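# Summary of structural features
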Amino acid sequence: MASLITPAIREALEAVVGPANAFSGADRTFDYGHDEFSLKEIAHAPDLVVRPGTTEEVAAVLRLADANGIPVTPRGGATGLCGGCVPVCGGIVLALERMDRVLEIDADNQMAVTEAGVRLSDFTKAVEEAGLYFPPHPGDESAMMGGLVATNAGGSRAVKYGTIRNYVRGLELVTPAGDVLKLGGKLEKSSTGYNLMHLVVGSEGTLGVVTKVTLHLKAKPGLMRSLVVPFDALDPALETVPLIMKKGIVPLAVEFLEIEPITLTEEHIHKKWPTKLGRTHLLVILDATSEEEIDRLSQAVAEVCCEKGAIDVFIADTPSKQDEVLAIRSKIYDAIKSGTVEILDIAVPRAEVAGHVHFVREVAAKYGMWLPTFGHAADGNVHTHIMKARYEAGRMVPVPESEWRPKTDLVRAELFRDCQARGGVISGEHGIGLVKKPYLSLVLDERQIEIMRGIRRAFDPNGTMNPGKIFD
Ligand SMILES: Cc1cc2nc3c(=O)[nH]c(=O)nc-3n(C[C@H](O)[C@H](O)[C@H](O)COP(=O)(O)OP(=O)(O)OC[C@H]3O[C@@H](n4cnc5c(N)ncnc54)[C@H](O)[C@@H]3O)c2cc1C
């Protein structure tokens, strides 16, 4: 299809952002045509990449695009895992990378105000330097604040501290027509009309472009301790999780892991996990304000685990042991990335995790595929990896494409149907984007999707904002 960006429109866009910040040509736009979803066939280069530096520039670009029916796809750190920032309809990729300033850390109100293009790593550093704490920690720190808001990102600490939504207090949003909306503010409460701010959280760039974010901050926690608990089997490990929570203990994170990805990651980053015993491990991370409290919590968690048949409880209580454990957990994706087709992020009620993971194992056996599965056990958020490799004696062995390709869609569909049957959702944290769009109606009825379409039309009557994503 011919580009809608005529020489006159391009000239007008260049006048807004400066010629250096509006560019085309396959060699320069290629990198802006994909995210971290592994199958590059979904990639699509934009006609033009535009990199605004201010909210006013974003508004002027959107106004021009809207008036000329040009699709606009917002792009943050491109760490998304479902093709959300891929410009499937061509047009403009609006890259937020120049809007990278942390504008304010307001210690009295425990709030930060940041531009949308600030990376999570830089934001966390700025907050910690101010003596405060921003708990959400999705796995890839190069994600940008606008992208984290647009996907309502989660991560392992959501069990105690919630997802990004729980921290957003204010947003600056530029609508497709170029209006600048100030939603919320440095407020802990608001019962003032419909909450448009929360509609934007998780809207995956379909309602407008987030340019600034106001976030709630917490006081720095005192101490952190990680417990690695091996079990011989899946069921007792996962049944332990609701029991820990029922005791009134809310860990910072409760992850479940399988031994194979741990082994591959040890090899990959040359670090050691505390034990190789058992098949399924729980990683329980606790935080507390005093030694007494963290000892008490560790003891209580260890007791519940042992009652459920844990083989042992390994405590990482020094910074170096702790770093080693956390490094392995956070680098699993890197270690198995070359063999991964897709990471699912199904969320089910906490007590359904074991049943769902058993189903994953049945599906793995049925299709003869390796489907390593781990995730945020206490959140009910399960990351099954659809693989194009099998695991053999501590190594990943590639599987021919003719074998894995036809099975991928079948496996994904079976797991999504199981999630639906358990009252779950097909995405707990990554979003729907492009790749999960065909399955949305499995978990949302037609009337809900119709209401969502109406909301989208109210923000974007001309359909120029990130078309082709979430639903058509
Ligand atoms: C190794 C790895 C680990 C990960 N771990 C986690 C995890 O633990 N938890 C988790 O939730 N996710 C995780 N992710 C997924 C990813 O990091 C998140 O989805 C993240 O929120 C995406 O942010 P981004 O800036 O990279 O957004 P992008 O990928 O650039 O975009 C994502 C979506 O947001 C939209 N968007 C981006 N910026 C804006 C904006 N300013 N205004 C409006 N819309 C915008 C895009 O159009 C797109 O639809 C992981 C990814 C990787 C690669």
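Look up: the structure comes first, before these words.
Cut-offs used in this document
Per chain, residue numbering runs from 1 following the sequence as it is written. Selection of residues for local features in this predicted model requires a pLDDT of at least 70, selection of side-chain atom pairs for listing and counting requires 80 or more, and totals for whole chains, interfaces and linings are taken over all residues. Hydrogens and water are ignored here; the side-chain numbers use all heavy atoms of the structure. Numbering of helices and strands runs from the N terminus; a helix is a DSSP stretch of H or I covering at least four residues, while a strand is a stretch of E covering at least two. Note on exposure labels: buried denotes an accessible area under 20% of the residue type's maximum, exposed denotes more than 50%, and partly exposed covers the range between, all computed with a 1.4 Å probe on protein chains only. Whether two residues are in contact is decided by their heavy atoms: any pair within 4.5 Å suffices. Values of accessible area rely on a 1.4 Å probe in the Shrake-Rupley scheme; residue burial ignores everything except the protein chains shown. Only four residue types enter the charge count: Lys and Arg as positive, Asp and Glu as negative, with His and the chain ends excluded. For charged residues, the charge sits on one atom: NZ in Lys, CZ in Arg, CG in Asp, CD in Glu. Whether a residue is near a molecule or strand depends on its heavy atoms: it is near if one of them lies within 4 Å of it. In protein, a polar contact requires one atom able to donate a hydrogen and another able to accept it; more generally it is a pair of N or O atoms within 3.5 Å, and residues adjacent in sequence count only if both atoms are side-chain atoms. For this classification, Asp, Glu, Lys and Arg are treated as charged, while Ala, Val, Leu, Ile, Met, Phe, Trp, Tyr, Cys and Pro are nonpolar and the rest, including Gly, are polar. The term salt bridge refers to a side-chain nitrogen of Lys or Arg lying within 4 Å of a carboxyl oxygen of Asp or Glu. A strand pair is defined by DSSP finding two or more bridges across the two strands. Axis lines are fitted to C-alpha atoms, over the contacting stretch for helices. Their N-to-C directions set the angle, which ranges from 0 to 180 degrees. Here a helix's expected span is defined as the number of its residues, less one, multiplied by 1.5 Å.

Our focus in this paragraph is the overall build of the chain. A tally of helices and strands in the chain yields 16 helices and 21 strands. Projected onto its principal axes, the C-alpha coordinates of the chain cover approximately 70 × 60 × 45 Å. Classification of the 472 residues of the chain by burial places 54% in the buried group. Considering only contacts in the chain between residues 6 or more positions apart, those separated by 24 or more positions represent 74%. Taken as a whole, the chain presents about 19,500 Å² of accessible surface, with 52% of it coming from carbon and sulfur. Positive and negative side-chain charges in the chain, numbering 51 and 63 respectively, have mean positions lying 1 Å apart.

Contacts to the ligand come from 35 residues, most closely from Pro 74, Gly 76, Gly 77, Thr 79 and Thr 151. Interatomic distance of 2.8 Å between a backbone N/O atom of Gly 76 and an oxygen atom of the ligand. One nitrogen or oxygen atom from the side chain of Thr 151 is found 2.8 Å from an oxygen atom belonging to the ligand. For the ligand, whose free accessible area comes to 970 Å², the fraction covered by protein is 95%. Those elements that place two or more of their residues in the shell around the ligand are β3 (72-75), α5 (145-151) and β10 (209-216). Considering every element that reaches the shell around the ligand, the biggest residue donor is α5, with five residues. Classifying every residue of the shell around the ligand gives 15 nonpolar, 15 polar and five charged.

Right, let's get into the pattern of salt bridges. According to the stated counting rule, one finds 33 salt bridges in the structure shown. Between Glu 97 and Arg 51 there is a salt bridge; the shortest N-O distance is 2.8 Å. Separated by 46 residues along the polypeptide, Glu 97 in the loop between β4 (92-95) and β5 (102-106) and Arg 51 in the loop between β2 (48-50) and α3 (55-67) bring together distant segments of the chain. The class for Glu 97 is partly exposed, based on a relative accessible area of 24%. A salt bridge links Glu 446 to Arg 453, with the nearest nitrogen and oxygen atoms 3.2 Å apart. For Arg 453, a relative accessible area of 22% gives the class partly exposed.

Taken in spatial order, the five strands line up as β5-β6-β10-β8-β9 in an open sheet, and their pairing is antiparallel. Looking at strand neighbours, the two that pair on one side only are β5 and β9 (180-184), the edges of this open sheet. Taken over all neighbouring pairs, the strand axes of this sheet differ in orientation by 10 degrees on average, direction set aside. As paired strands, strand β6 (residues 111-115) and β10 are joined by five bridges and run antiparallel to one another.

Turning next to helix α11 (residues 319-330). Taking 1.5 Å as the rise per residue, α11 with twelve residues should run 16 Å; its terminal C-alpha atoms sit 16 Å apart, in good agreement. By the burial criterion, the buried members of α11 are Gln 322, Val 325, Ala 327, Ile 328 and Arg 329.

Of the pairings in the sheet, the one linking strand β8 (residues 168-174) to β9 comprises five bridges and is antiparallel in character. Looking at the pairing, Gly 170 lines up with Gly 184 of β9. If you look at the hairpin formed by β8 and β9, you'll find five residues sitting between the two strands, and Gly 178 has a positive phi there, around 95 degrees.

Turning our eyes to something else, we now look at the environment of Ser 226. With respect to the helices and strands, Ser 226 occurs in strand β12 (residues 223-231). Judged by its relative accessible area of 0%, Ser 226 falls in the buried class. Taking the C-alpha atoms as reference, Ser 226 lies 28 Å from Met 144; in sequence the two are 82 residues apart. Not counting residues up to four positions away in its chain, the partners in contact with Ser 226 are Leu 283, Val 284, Ile 285, Phe 314, Ile 315, Ala 316, Gln 322, Val 325 and Leu 326.

Within the secondary structure, Gly 33 is located in the loop between α2 (26-29) and β2. Each C-alpha atom, one on Gly 33 and one on Ala 78, is 9.4 Å from the other, the two residues being 45 residues apart in sequence. Setting aside anything within four residues of it in sequence, one finds Gly 33 in contact with Ala 43, His 44, Ala 45, Pro 46, Arg 75, Val 86 and Pro 87.

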